[in-house]
Amino acid sequence: DKANYRHFMAKEIHEQPEVVGHTLARYVDMATERVTLPVKLPFDFKDIQRVSITACGTASYAGFIGRYWLERFARLPVELDVASEFRYREAPLRKGDLAIFISQSGETADTLAALRYAKAQGAHTLSVVNVPTSTIARESEIVLQTVAGPEIGVASTKAFTCQLMVLASLAVAAGRARGELSDADEAKLVHGLVEIPRLMSEALTIEPQIEKLARELSKSRDVLYLGRGTSYPLALEGALKLKEISYIHAEGYAAGELKHGPIALIDEHMPVVVIAPYDKVFEKTVSNMQEVAARGGKIILMTDAKGAAEATIQSLVTIVMPDMGAAFAPIVYAVPVQLLAYHTAVVMGTDVDQPRNLAKSVTVE
Ligand code: M6R
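Computed from a prediction, not measured in an experiment: that's the story for all the values here. (Residues numbered from 1 in each chain as written. Predicted model: local features only at pLDDT ≥ 70, side-chain atom pairs only at ≥ 80, totals over all residues. Heavy atoms only, no water.)

(A) Broad picture of the nonpolar core. Counting 95 residues, the largest nonpolar core has Trp69, Ile100 and Phe328 as the members making the most contacts within it. Residues Leu258, Met289, Ala311 and Ile313 belong to the second largest nonpolar core, which totals 18 residues. (Core = buried A, V, L, I, M, F, W, Y, C linked by side-chain atoms within 4.5 Å. Buried < 20%, exposed > 50% of the residue type's maximum accessible area, 1.4 Å probe, protein only.)

Structure, rendered in structure tokens:
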């Protein structure tokens, strides 16, 4: 039931601090500040040479962010593909490689086919799934469950942030096992993870501002989302979310790709959502914003207080997020991204929970 919410999607967005917290509790020992996976892995991360991550839609963007973490914390090379491509591109997996699959439903046809392919190649198969009785969960060697609870809205929200929580924990565990992270590094990262539910609650308080902004956004025909580093996959996710529920055309781009084409689209009718926590690449993103502003593009900047103070560009709106370490920012920044899509769709009067042409679980290819 929707509790007091107008849509399941709203309820599920608001449940995130709680369910991300439940997921966290399953993967992290708060007392010792260490990651403790709830299953014993049938391999040693030291022996893994390559990882592939495969999923569809929003789950693939979670995987995209997971790739940054696995590469950074565990120095593991990661290949990433959408399942519909992976299953047919004949990726040369080697015996003993690790193949990760991510799926809320655990029934997505392409992801399941990709899993079967990887298994046949002799790879270890690890799935991050929300439905523990699903086909993908049953057929995987290792299952890491997201504890998001049932997700009813077709637009994935809480499953996404729980997937990120699991992938972050896995990356830290891999970094430890491979000797890339010290005790102190791990404690620092776990500390960052433990903070996330509270930061998500804080981010939810920005809702009235986003609701107002959504009225503006609903007048646009196209919207561009930009981000760098782990904010880049979140830009892709933001664009997907807006498209699927409001039917406004949106595209996500790596901020650095702007001048390689999409900048030609910028004018006063094209809002640009820039996701830019104050991190190592912030200054670079600011210069991309300057390029947008110089062409009359309206900017919606999602950043923190430091970022807001540093970015001296006249932006349409700045959404000031709580201060946090940069490592896991996308888990928290997912909140305003989801809220913006949600409220825009509400203004447009679409069927938010059951958008046209879409199914919650895509069991045919
Ligand atoms: O159940 P799955 O996670 O495998 O589903 C994958 C995609 O179909 C799904 O994330 C889809 O992109 C959502 N509608 C996005 O909100």
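(B) How the structure looks around unusual backbone geometry. At Glu90, a position not held by glycine, the phi torsion is positive, near 55°. Mapped onto the fold, Glu90 is located in the loop between α4 (83-86) and β5 (98-103). The exposed category is assigned to Glu90, whose relative accessible area is 63%. In this structure, Asn357 takes a positive phi of about 70° despite not being glycine. Residue position: Asn357 is located in the segment after α13 (329-348). With relative accessibility at 77%, the residue Asn357 sits in the exposed group. (Helix = DSSP H or I, 4+ residues; strand = E, 2+ residues; numbered from the N terminus.)

(C) Spatial organisation of the pairing of strand β4 (residues 78-82). Direction of pairing for strand β3 (residues 51-55) relative to β4: parallel, over a ladder of 5 bridges. What sits directly across from Ser52, in β4, is Glu79. Read as a crossover between parallel neighbours, the route from β3 over helix α3 (residues 57-74) to β4 is right-handed. (Pairing = 2+ DSSP bridges. Right-handed = clockwise from strand over helix to strand, strands pointing away.)

(D) A look at the side chain of Ser169. Residue placement: Ser169 occurs in helix α7 (residues 158-177). Sequence-distant contacts of Ser169, that is, excluding residues within four places in its chain, are made with Tyr27, Val28, Val35 and Leu193. (Contact = heavy atoms within 4.5 Å.)

(E) Highlighting the environment of Asp267. Looking at the secondary structure, you find Asp267 in the loop between β9 (249-254) and β10 (271-275). Residue class for Asp267 comes out partly exposed when judged on its relative accessible area of 30%. Considered as a pair, Asp267 and Asp47 are 220 residues apart in the sequence and their alpha carbons are 51 Å apart. Setting aside its immediate chain neighbours within four residues, Asp267 contacts Arg295, Gly296 and Gly297.

(F) The arrangement of the state of the cysteines in detail. Taken as a whole and assessed by the stated rule, the structure comprises 0 disulfides. No disulfide involves Cys56; its nearest neighbouring cysteine sulfur is the one of Cys162, lying 19 Å away. Look at Cys56 and you get partly exposed, because its relative accessible area is 26%. What makes Cys162 buried here is its relative accessible area of 0%. (Disulfide = S-S within 2.5 Å.)

(G) Inspection of the sheet that holds strand β6 (residues 124-129) at higher detail. The strand order across the open sheet built from 5 strands is β4-β3-β5-β6-β7, with neighbouring strands paired in parallel fashion. Pairing within the sheet leaves two strands with one partner each, and these edge strands are β4 and β7 (142-145). When the angles between neighbouring strand axes are averaged without regard to direction, this sheet yields 20°. Contacting β3, β5 and β6, helix α5 (residues 109-120) crosses the sheet at an angle of about 165° to β5. (Axes fitted to C-alpha atoms, helices over the stretch in contact; angles between N-to-C directions.)

(H) Region of the structure containing the side chain of Thr230. Within the secondary structure layout, Thr230 lies in the loop between β8 (222-227) and α10 (231-246). Taking relative accessible area as the criterion, Thr230 reaches 7% and is therefore assigned buried.

(I) Just the site of the ligand, in detail. Taken together, 14 residues lie around the ligand, and Ser103, Gln104, Ser105, Thr108 and Glu244 are the ones closest in. In this structure, Thr108 approaches the ligand through a side-chain N or O atom, which is 2.4 Å from an oxygen atom. Protein contact buries 90% of the 410 Å² of open area that the ligand shows by itself. (Near = heavy atom within 4 Å. Polar contact = N/O pair within 3.5 Å; in protein donor to acceptor, adjacent residues only side chain to side chain. Areas by Shrake-Rupley, 256 points an atom, 1.4 Å probe, with all protein chains shown as cover.)

(J) The packing of aromatic side chains, seen in detail. Under the criterion given, the structure shown has 7 aromatic pairs. Their ring planes at 75° and their centres at 5.3 Å tell us that Phe64 and Tyr232 sit as a pair that is edge-to-face. In this pair, Phe64 sits in helix α3 while Tyr232 sits in helix α10, placing the two residues 168 residues apart along the sequence. Overall, Phe64 belongs to the buried group, its relative accessible area being 12%. Judged by relative accessible area, which is 21%, Tyr232 ranks as partly exposed. Relative to Phe282, the ring of Tyr278 lies with its centre 5.1 Å away and its plane at 50°, an arrangement referred to as tilted. Classification of Tyr278 by relative accessible area gives partly exposed; the value is 32%. (Phe/Tyr/Trp six-rings, centres within 6.5 Å; stacked < 30°, edge-to-face > 60°.)

(K) Main features of the packing of α7 against helix α8 (residues 183-204). Contact geometry for α7 and α8: axes closest at 10 Å, N-to-C directions at 170°. Put simply, α7 runs roughly antiparallel to α8. Residues Thr161, Met165, Ala168, Ser169, Val172 and Arg176 of α7 lie in contact with α8, whose contacting residues are Asp183, Glu186, Leu189, Leu193, Ile196 and Met200. (Parallel < 35°, antiparallel > 145°, perpendicular 65-115°, else oblique.)

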